[in-house]
Amino acid sequence: MCACRCGINVHVRDGEVRFIEGNPNHPLNHGVICAKGSAGIMKQVSPARLTQPLRRKPGSERGAGEFEPISWDEAFAMLESRLRHLRATDPKQFALFTGRDQMQALTGLFAREFGTPNYAAHGGFCSVNMAAGMIYTTGGSFWEFGGPDLQQSKLFVMIGTAEDHHSNPLKMALSDFKRAGGRFISINPVRTGYSAIADEWIPIRPGTDGALFLAITHELLRTGRFDDAFAARYTNAAQLVRVQPGHPDDGMMVRNPAAPEVNPDAPLNAWWWDEAAGRPVAAWSEGVQPALFGRYTMPDGTPVATALELLRERVAECTPAWAEDITGIAASRIAQLAAEMAEAALDQAFDLPQPWTDWWGREHDTVRARPLAFHAMRGLAAHSNGFHTIRALAILMSLLGTIDVPGGFRHKPPYPKQVPPGVRTAKSWDDIKPNTPLAGSPLGWPAGPGDLMVDDDGRPMRIDKAFSWEYPLAAHGLMHNVITNAWRGDPYPIDTLLIFMSNMAWNSAMNTQRVRRMLTDKRADGEHRIPFLVVCDAFHSEMTAFADLVLPDTSYLERHDAMSMLDRPISEYDGAMDSVRVPVVPPLGQCKPFQDVLIELASRLQFPAFTRADGSRKFKDYTDFIVNYETAPGSGIGFLTGWRGADGSKSLRGEPNPNQWEQYAKHDCVHFTPIPEAMRYMRGVNRDYLRYAKENGWRKRDDPVVIAIYSEVLQKFRLAAQGQRPGRQPPAELRERVARHGDPLPFWAPPLEHGAVDLGKFPLAAVTQRPMAMYHAWDSQNAWLRQIHGHNRLHVHPRTAQAAGIADGGWMWVESPWGRVRCVAQYSEAVEPGTVWTWNAIGKSSGLWGLHPHADESRRGFLLNHLITDELPGDAGTLSNSDPVTGQAGWYDLRVRLAPAGAPRDDEAMAGDHYADVHGEPLPAAGDALALHSETTWPRHSAPQPAPGQHPGMHRVSSGAAHVLQYFAGRGRRGKTTEQETPT
């Protein structure tokens, strides 16, 4: 439904959902509910619902939307046969990519047991830069993993956060924060949602936030206004770095052979410089105040510098005046902002009387509160320079001592993780074998070049090229690269692509027009370049039309779900929390939960984790799996933490309890395990918490999380690229790229797209965001929510629009180097003058999603994705429009220009290929680079026309559409479930 996962109570009458309200007993939202939650009733009866398995009609063209119904037995038999053959011959020929689902622990387990490396969820398209940038620095991140402690804060700074992020909990927290007198500053190109109630809005140019953070860091270090005690002891700021160009360990921490290493991925045997004694001492020596700045010489002649000294030198030129030219924020305001942050964190600090013990055994009577809180999200992440931007923010927060303290950023269990976390992927083709689970995880956290998924020649082992030299720290994979790479056969072709809950032909693509061509493109032998495409979704979208097999998923009200601690939990700062969904109505038609589909396929294919030694299945369905699965035999750790043990008396870990689902249902579908008070802060170095986390399976080790102001992980990649370190090295054509972006300290550079675009011709930044009342494309076909957002406009500053000759409410062309769309202008002073923006995923292709072909969504709505490119021209061909460190899609880097346009004719369809004039040539031969710009225009492709009396865009509509007609006719009862072809 959405990522907030608020507790709801659903009222059912005569088998129908009649009312949805917030659950006042749920600790996450306390009964508060938003428009999305209330309107779930309309999602349930949407005429776009898929209700039975469908197979593309023999002889029909892919994309024509011509299907025939089949049974689940036929669908399972088809999948089982094909997947069994692939698993027995070449597992990498199967790829599983999922959208914003809540069960990535299950889908990831399925991929691992299958033996394919080709698995990922939506994160590479969403906010992997946020996760990776912060976790590789502090061990935790914003979103499910941590957030701002507004209850104890005085100043709140929000950067790059749209109004849908953490919606209800954040709205409640902001309300209390402002009533308590807190000051709220929003830094964002757009002033909507949360930013509308900010005490101050500071507009910033998209993609320049990193320059702002470096300038603020410059000011803090210049004035000495930072938490030096926190930096010295709990970060690696004071550790000594070898500064010896040409040496194999240049840029690495100098190691102390007499001290224990503890963890080879995050060694603790570092040196400090004792300034008083004028000599190096073992890090964390008692009674020593280490030097935070300076360059020194070790007794053996090795030149060294403290990590913070190297950061100070890095930001020496990053003055507020330098940042003003980049960000558009006045230098005086940047300097003042640094002073305000320091005042809140340092001058308004207070001691909370909470005893705790650090990892080194030192007992503390209090915890120092730093009442300065930050929150950031996709506005920082969705840029090709986002990783280093977010590293810069995490370092800024760390220098001010705001990590896991009262009033600052606080981790949520099971975080923080080690830096980097101890999950590793497969590392060679020897780890990928037929009929064998993958040796390693499909997704992981590399600690160096040795952990990459590349072959002996340095070539990628994954279809999306994640964890390769191109994107070494791609923790969430690159969903946006899958179709292009598979079409091109680079690094190899695949046979079967299974897409779950992701509209890859529309709003979840950076190249919507080319993707649709690629999905229908064929080889010389007449076979599609991606031979078999399976789509599982609850709704008939732009993507389902291209499927060879459609699997109808249930709605969120028709299935069991687990918001698991093994996955994306709903924990709060002071305790571990997970929750479940229990179905309130039976599945519509023949819909089947995708969770059950995976359990069934895993059992049929006899995956070891799902079957016994004799081949019999362990789990009858998803609910049985959730109850009885354990991460290891006898571990007592499963998907749910509540009511474990045979009698349900245990929490966090314990034997499977056959009545676990019933216990959750009796307790508002949620379970909360409070963390003992002595473990609630400073958890990265809190001895008792680290032991507690290891005991409960959240961590493999109990050694401390030393915040990485300076990243040795990145330096390892740089040394490899420079040829200074033995072991794996990148191909020659990637050496410069890896060396530049494998910088152990953050830096700012313009987004990649800006180097490929004439910024004089395309002077405006264009971004999208989700409205608070909608979640991706799933809600923009909701009968109630459409009344809030029936179509979208492009929001433009009046000065910008008037300079282009565009009136408020007038039609205009929005053009990028990659295409143009027509839309309506909306004057707004709540947008930075060099930026235009719109809501995402409202524009629809005509006749799909159960909407009338002339619905506003397709007549007046539009999609900026039509103007974005997934590939950019490079010196050696094309390169992905993605962050070179993580592979994060750079879809906020779009540059456009505006021009007046005439209104469309009444008979002129607007959405989809109908209205997007895309510059580009026809698809080239396989293996060639895609042409990116041409004066020619692709032919316009019309949506398939329905047969007389048939619902547009669908083969047929079963009970869902008929039920909607009856519902609005006032009958209020479920119609017959027989097949009907019903015009809607």
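Each remark here, short or long, concerns the structure printed above.
Residues numbered from 1 in each chain as written. Predicted model: local features only at pLDDT ≥ 70, side-chain atom pairs only at ≥ 80, totals over all residues. Heavy atoms only, no water.

Enquirer: How should I be thinking about the environment of Ala 120 in this particular structure?
Expert: As for its placement among the helices and strands, Ala 120 is situated in strand E6 (residues 119-120). Along the chain, Ala 120 and Asp 90 lie 30 residues apart, while their C-alpha atoms are 19 Å from each other. Setting aside its immediate chain neighbours within four residues, Ala 120 contacts Leu 96, Phe 97, Thr 98, Leu 443, Arg 462, Asp 464, His 476 and Gly 477. (Helix = DSSP H or I, 4+ residues; strand = E, 2+ residues; numbered from the N terminus. Contact = heavy atoms within 4.5 Å.)

Enquirer: Please clarify how unusual backbone geometry should be interpreted in this entry.
Expert: Both trends apply: most residues other than glycine have a negative phi, and most peptide bonds are in trans. For the peptide bond that leads from Pro 413 to Pro 414, omega is 10 degrees, which places it in the cis range. In this structure, Pro 414 sits in the loop between strand E21 (409-411) and helix H15 (482-488). In the segment running from Tyr 415 into Pro 416, the intervening peptide bond is cis, with an omega of 10 degrees. Positive phi outside glycine occurs at Cys 669, with the angle close to 65 degrees. Of note, Cys 669 is situated in the loop between helix H19 (660-666) and strand E27 (670-674).

Enquirer: Got a minute to help me understand the sheet that holds strand E26 (residues 575-581) in this structure?
Expert: Taken in spatial order, the three strands line up as E25-E26-E27 in an open sheet, and their pairing is antiparallel. Bordering the open sheet on either side are strand E25 (561-563) and E27, each of which pairs with just one other strand. Neighbour-to-neighbour, the strand axes of the sheet open up by a mean angle of 10 degrees, direction not taken into account. Inspection of the sheet shows E25 paired to E26 by three bridges, in the antiparallel sense. Residue pairing across strands places Asp 561 opposite Arg 581, the latter belonging to E26. (Pairing = 2+ DSSP bridges. Axes fitted to C-alpha atoms, helices over the stretch in contact; angles between N-to-C directions.)

Enquirer: I keep staring at the pairing of strand E8 (residues 155-159) and nothing clicks. Help me out?
Expert: Note on strand geometry: in a regular strand, side chains alternate between the two faces of the sheet. Burial runs high along E8: five of the five residues are buried. Of the two faces of E8, the one holding Leu 155, Val 157 and Ile 159 and the one holding Phe 156 and Met 158 are both buried throughout. Judged from the five bridges that link them, E8 and strand E9 (residues 183-187) form a sheet pairing that is parallel. Within the sheet, the bridge partner assigned to Phe 156 lies in E9 and is Phe 184. Pairing of E8 with strand E20 (residues 372-376) involves five bridges; the strand directions are parallel. Each bridged residue has a counterpart across the sheet, and for Ile 159 the counterpart in E20 is Ala 376. (Buried < 20%, exposed > 50% of the residue type's maximum accessible area, 1.4 Å probe, protein only.)

Enquirer: Got a minute to help me understand the packing of aromatic side chains in this structure?
Expert: Centre-to-centre distance and the angle between the planes together describe a pair of aromatic rings. This structure, assessed with the given rule, holds 34 aromatic pairs. With a centroid separation of 6.2 Å and an interplanar angle of 85 degrees, the aromatic rings of Phe 114 and Phe 607 are classed as edge-to-face. With Phe 114 in helix H4 (residues 104-114) and Phe 607 in the loop between helix H17 (594-604) and helix H18 (622-628), the pair connects residues that are 493 residues apart, well separated along the chain. On the accessibility criterion, Phe 114 (0% relative accessible area) is buried. The interplanar angle of 35 degrees and the centroid separation of 6.1 Å between the aromatic rings of Phe 539 and Trp 849 together place this pair among those described as tilted. With Phe 539 in the loop between strand E23 (532-537) and strand E24 (549-552) and Trp 849 in the loop between strand E32 (835-839) and helix H24 (856-859), the pair connects residues that are 310 residues apart, well separated along the chain. A single burial state applies to Phe 539 and to Trp 849, both of which are buried. Among the aromatic side chains, those forming a connected cluster through ring pairs are Phe 94, Phe 110, Phe 114, Phe 607, Phe 610, Phe 619, Phe 625, Tyr 629 and Phe 639. The positively charged end of Lys 92 is found above the aromatic ring belonging to Trp 429, 5.3 Å away from the centroid. Above the ring of Tyr 415, the side-chain terminus of Lys 417 is found at 5.4 Å from the ring centroid. (Phe/Tyr/Trp six-rings, centres within 6.5 Å; stacked < 30°, edge-to-face > 60°. Lys NZ or Arg CZ within 6 Å of the ring centre and 35° of its normal.)

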